[in-house]
Amino acid sequence: MNFLALIGRVFLGFLGAVGRLTRFAAVSVSHMLRPPYYPRQILRQFLDIGYFSLPVVALTAIFSGMVLALQSHSGFSRFQAEGAVAMVVVLSITRELGPVLAGLMVAGRIGASMAAEIGTMRVTEQVDALTTLSTNPFKYLVAPRLLAGLLMMPLLVVVADILGVFGGYIIAIGKLGFNSNSYLANTWDVMEPLDVVTGLVKAAVFGFLIALMGCYNGYHSKGGAQGVGTATTNAVVSASILILVANYFVTEIFFAH
Amino acid sequence: MSQPKIRLRDVHKRFGEKVVLDGVDLDIAPGESLVVIGGSGSGKSVLIKCIQGILRPESGSISVDGDEVVGASARTLEAVNAKIGMLFQGAALFDSLPVWENVAFGAIQSQGMNRAAAYDLAVATLAKVGLTEDVAKLWPAELSGGMQKRVGLARAVATAPEIIFFDEPTTGLDPIMADVINDLIVSCVKELGATAITITHDMASARKIADRVAMLYKGRLIWVGPIADIDKSGNDFVDQFIHGRADGPITMDLRK
């Protein structure tokens, strides 16, 4: 096969996939903004993402904060700069690790379950059944999930930020011999509102992307159990990659100057 | 015939290279019960999905009560689907909702009925298909195949639709349950005075339900006539199909 033709075909396929995803996102957002709304569905998704993801996100954040304190202390002690531990912990957690780790954990938990649920509904004709019952699947299935992803992820990241910093604090005080008051004062002095705001903006973007990839892959799954499995895998992998890509661009928007 | 309830003209639908509907013309009168027969993959389910606007034909015209479906806006399709109830082959009940909410789904979501009234409607409709109030609170996964079909039938008729589609209503059921479902379909359709299209391979079902039969083969309607005439259709394809013979003009693409 002609090598150039192969590259061209792959590139056109990629553009086609981007186009389909963009169109899906645009249609979904337009349905998110227009009534009718389904409060029960929205509430269910809020609980699923915001409440039931709490343990996973909390554990991830607290242990990440603890590891950060240990590692930064071990590294900075070589330069007699142990005082920077509080700064490293709070900036790393609020700007990067809080939203990114929470995003990746929620992508694994929620992105997968969205793709599996909508995918199963697709292959068992439940999505078609919605249409025949005069209910738009975008409004009933997709819009509540996107809304929940967009609004609940920032709340999860607030929790992740607090627990991540708390994890660092526990290690700094309990193991590394820092003074509690000076550690907390250091943390407050270093932290700027922009650090937290950036993390929350990232969280909203990640939440939207996780829900979008879960819904998109589930909605287009076909073939039965194997198709649903593929959709689930694709949802998690694509959401995880998009989180890391979007993380760079949001960081660049806020901190490149 | 007065204005047909559903009218199809020269409808073509293909998936890639595979032609599924190849110029289908069909009129279905108000209150008529039409059964579409044909082998697996002959395009029967696609025909119904095109009428509902779930699939869009490449060309041709489909109208419901004079409203064009092909290329219609989402609002028009929602209005058309509001007239339609459907029993899916696998029932397609919503796993995340209890039985009663499945049955009353159309009333709650499309007609804005309050949940207490919707529950009463669901229980009354379940009673019509021979299910008790106990079943209303169960989840779809707790039901047998036959019960799921009955709940699916209750959901299809709960909002008193003008048109009802039945997609292989007796497939996978034992003969007795199949006959129970057939009787329920006939009684529900008669009671509502609805126009019905049923897709089936099951000739016993077709003979019980149909006023008229249409046979689809390779995307074309090769015979349409009253059920009373099906045994003397004079069409070799129809004869082979209704008698379930391996020999005849219809050949299966099997590798020897």
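Above this text you will find the structure in question.
Residues numbered from 1 in each chain as written. Chains lettered and ligands numbered in written order. Predicted model: local features only at pLDDT ≥ 70, side-chain atom pairs only at ≥ 80, totals over all residues. Heavy atoms only, no water.

(A) Representation of the sheet that holds strand β3 (residues 33–37) of chain B within the structure. All names here are of chain B. An order of β6-β7-β8-β3-β9-β10 is seen for the six strands of this open sheet, with the pairing classed as mixed. This sheet does not close on itself; its edge strands, each paired only once, are β6 (84–87) and β10 (220–226). Neighbour-to-neighbour, the strand axes of this sheet turn through a mean angle of 15°, independent of strand direction. Looking at chain direction, β3 and strand β8 (residues 195–200) are connected through five bridges and run parallel. Residue pairing in the sheet places S33 in a bridge with A196 of β8. (Pairing = 2+ DSSP bridges. Helix = DSSP H or I, 4+ residues; strand = E, 2+ residues; numbered from the N terminus. Axes fitted to C-alpha atoms, helices over the stretch in contact; angles between N-to-C directions.)

(B) Inspection of the pairing of β8(B) at higher detail. Residues and elements named next belong to chain B. In terms of residue burial, β8 counts as a mostly covered element, since six of its six residues are buried. Of the two faces of β8, the one lined by T195, I197 and I199 and the one lined by A196, T198 and T200 are each fully buried. Both strand β7 (residues 163–167) and β8 contribute to a ladder of five bridges, which runs parallel. Within β8, the position partnered with F165 by the bridge is I197. Traced from β7 through helix α8 (residues 175–192) to β8, the parallel crossover comes out right-handed. (Buried < 20%, exposed > 50% of the residue type's maximum accessible area, 1.4 Å probe, protein only. Right-handed = clockwise from strand over helix to strand, strands pointing away.)

(C) Inspection of the packing of aromatic side chains at higher detail. This model, assessed by the stated rule, comprises 14 aromatic pairs over all chains. Seen from their ring centres, A:F24 and A:F138 are 5.2 Å apart, and the 50° between their planes marks the pair as tilted. Placement of the pair is A:F24 in helix α1 (residues 3–33) and A:F138 in helix α6 (residues 137–174), with a sequence separation of 114 residues. Grouping aromatic residues by their ring pairs yields a cluster made of A:F24, A:F138, A:Y216 and A:Y219. Of note, A:R122 hangs over the ring of A:Y219, and the distance from its end group to the ring centre comes to 4.6 Å. If you follow B:R155 out to its NZ or CZ, it ends over the ring of B:F94, 4.9 Å from the centre. (Phe/Tyr/Trp six-rings, centres within 6.5 Å; stacked < 30°, edge-to-face > 60°. Lys NZ or Arg CZ within 6 Å of the ring centre and 35° of its normal.)

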